[in-house]
Amino acid sequence: MFRLEEITTFTGHNEAVWCVAWSPSGSLLASCSGDKTIRIWGKEDEKWVCKTVLTDGHSRTIRYISWSPCGQYLASASFDATVVIWSRKDGVFESIATLEGHENEVKAVNWSSSGSLIATCSRDKSVWIWEVTEDEEYECASVMSSHSQDVKHVTWHPHKEILASCSYDDTIKLYKEDNDDWTCFDTLTSHDSTVWKICFDQSGSRLASCGDDQTVKIWQEYVPGNEEGVLTKGNDSVWKCVCTLSGYHERSIYDICWNVETGHLVTACGDDAIRIFAEDSCSSKNEPKFNLVTTVTHAHAQDVNAVAWNPKIPTLLASCSDDTTIKLWRIIE
Amino acid sequence: MSFFSDILRDVKDPEKPETLEELNVLSEESITVSRLTGDQLLIHVEFTPTVPHCSLASLIGLTIRSKLQECLPEKAKVDIKIKKGTHTTADEINKQINDKERIAAAMENPNLRALVKECTTDIDDTYY
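Residues numbered from 1 in each chain as written. Chains lettered and ligands numbered in written order. Predicted model: local features only at pLDDT ≥ 70, side-chain atom pairs only at ≥ 80, totals over all residues. Heavy atoms only, no water.

An unreviewed UniProt entry annotates chain B as MIP18 family-like domain-containing protein of Lottia gigantea. Regarding chain B, the UniProt comment filed under Sequence similarities (unreviewed entry) reads as follows: "Belongs to the MIP18 family." (UniProt positions renumbered as here; feature names shortened; annotations may be inferred.)

In the nomenclature of an unreviewed UniProt entry, chain A is known as Probable cytosolic iron-sulfur protein assembly protein CIAO1 homolog of Lottia gigantea. Listed under Sequence similarities (unreviewed entry) in UniProt, the entry text for chain A is "Belongs to the WD repeat CIA1 family."

It is worth spelling out the overall build of chain A at this point. Scanning chain A for helices and strands turns up zero helices and 28 strands. Taken over C-alpha atoms, the radius of gyration comes to 19 Å for chain A, in line with the 20 Å a tight globule of 333 residues would show. Viewed in the frame of its principal axes, chain A has a C-alpha envelope of about 55 × 50 × 30 Å. When burial is assessed residue by residue, chain A has 60% of its 333 residues classed as buried. Of all intrachain contacts in chain A linking residues separated by at least 6 positions in sequence, the fraction that spans at least 24 positions is 48%. With the model as given, the accessible surface of chain A reaches about 13200 Å², and the carbon-plus-sulfur share is 42%. Side-chain charges of chain A comprise 29 positive and 50 negative groups, with the mean position of each set lying 5 Å from the other. (Helix = DSSP H or I, 4+ residues; strand = E, 2+ residues; numbered from the N terminus. Rg over C-alpha atoms; globule rule 2.2 N^0.38 Å. Buried < 20%, exposed > 50% of the residue type's maximum accessible area, 1.4 Å probe, protein only. Contact = heavy atoms within 4.5 Å. Areas by Shrake-Rupley, 256 points an atom, 1.4 Å probe, with all protein chains shown as cover. Lys, Arg positive; Asp, Glu negative; His and termini not counted. Charge placed at Lys NZ, Arg CZ, Asp CG, Glu CD.)

So, about the sheet that holds strand 15 (residues 162-167) of chain A. Residue and element names in this part refer to chain A. Pairing within the open sheet is antiparallel, and its four strands lie in the order 14-15-16-17. Strands at the two margins of the open sheet, each flanked by one partner only, are strand 14 (151-156) and strand 17 (181-189). Strand-to-strand twist across the sheet, computed as the mean angle between neighbouring axes with direction ignored, equals 25°. Taken together, the five bridges between strand 15 and strand 16 (residues 171-178) define a ladder with antiparallel strand orientation. For Cys 166, the partnering residue across the bridge sits in strand 16 and is Ile 172. (Pairing = 2+ DSSP bridges. Axes fitted to C-alpha atoms, helices over the stretch in contact; angles between N-to-C directions.)

This is how it looks when you write it as structure tokens:
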């Protein structure tokens, strides 16, 4: 019997909590909210507590937060059109840079696997790539305007310098660096409405997406010369939708996250539920099959906005909601 | 309770002195109520803009949502749509007024918030 058991609830934010992010070591959880603050949660004497509140970084809703791969920096994206970089030294967070350039709400920010690049996206339809210099300077390296609408999310491949974005224009786009500039090399269409979130699996050859059409889609990478005979162009891979999970969610799906260890997919949905899907044992690469293994119907009192697996403890999950709370969950098998 | 007569009846039009009911933008028939599997209330509102190119349709949508969220007795899911065939860019506006991120950002805009407040404040309240 597979189920999720609630461990604890964090209260403290005064408005909707939009995002939760575990530090790379798994010891700290950061959360951000419509109350314009970031909270850092951690364990003290076996008890989870709010260790610090970052209040002076943004003037509007903080939509998304992301840790650098080394765990020393936190980036926050806000509706105030900026991204703030926070440096953690001796447990104290200090804002060291503000990335300005987007015309309006910044929706997401993420670090590349090496930590040397940052990607941001905005309602202004653009995706920006920033280079991190050795003396903690952040310089814009490229602005890509491939989407025709609001860009909802950007995320990096787990070990290559390949970037993916998804949008209100219903598409997902993939980018790579080409002759010193960044270009879009593939556009994935299949969703019928806004794509809220995309997430690579550990190998980077699979991408999961979710959106307003209440479906989850799994995309498979096919490299040039693949044995399946899927046509590719030049040196670029192509991505094909190989699985659609529909009929499970009753409202928009706002977040999806692969478990690095178990491969389980967890979703955050506007129907207040958290769902976990596991790949079937007779699943195949070209026609994967996923089964719903558990649903927590009233995981939160309102929309669940984000879910995040702990990077070190594969049975530990964090979620956050419009109900202003954050919850920790444990998988019981 | 009737969500229409108890909550939405007195919502005003953003640019005219009349209420949305008086302008036939909303009526009792505009509201459909159901429940999700988890028993959460789902309110579906379908409104008719006064003219097919009405530039304030998205503001009307925001106003209806704001009023419902403020006055509903329990937390509910709300879908707001323009009645089919009554607006030239209905699909575009429907997408915008049901996108929670766009709604949250719009409600942080002081000018928009003031406009919404003006349309949703009961006439009686303004004297106190």
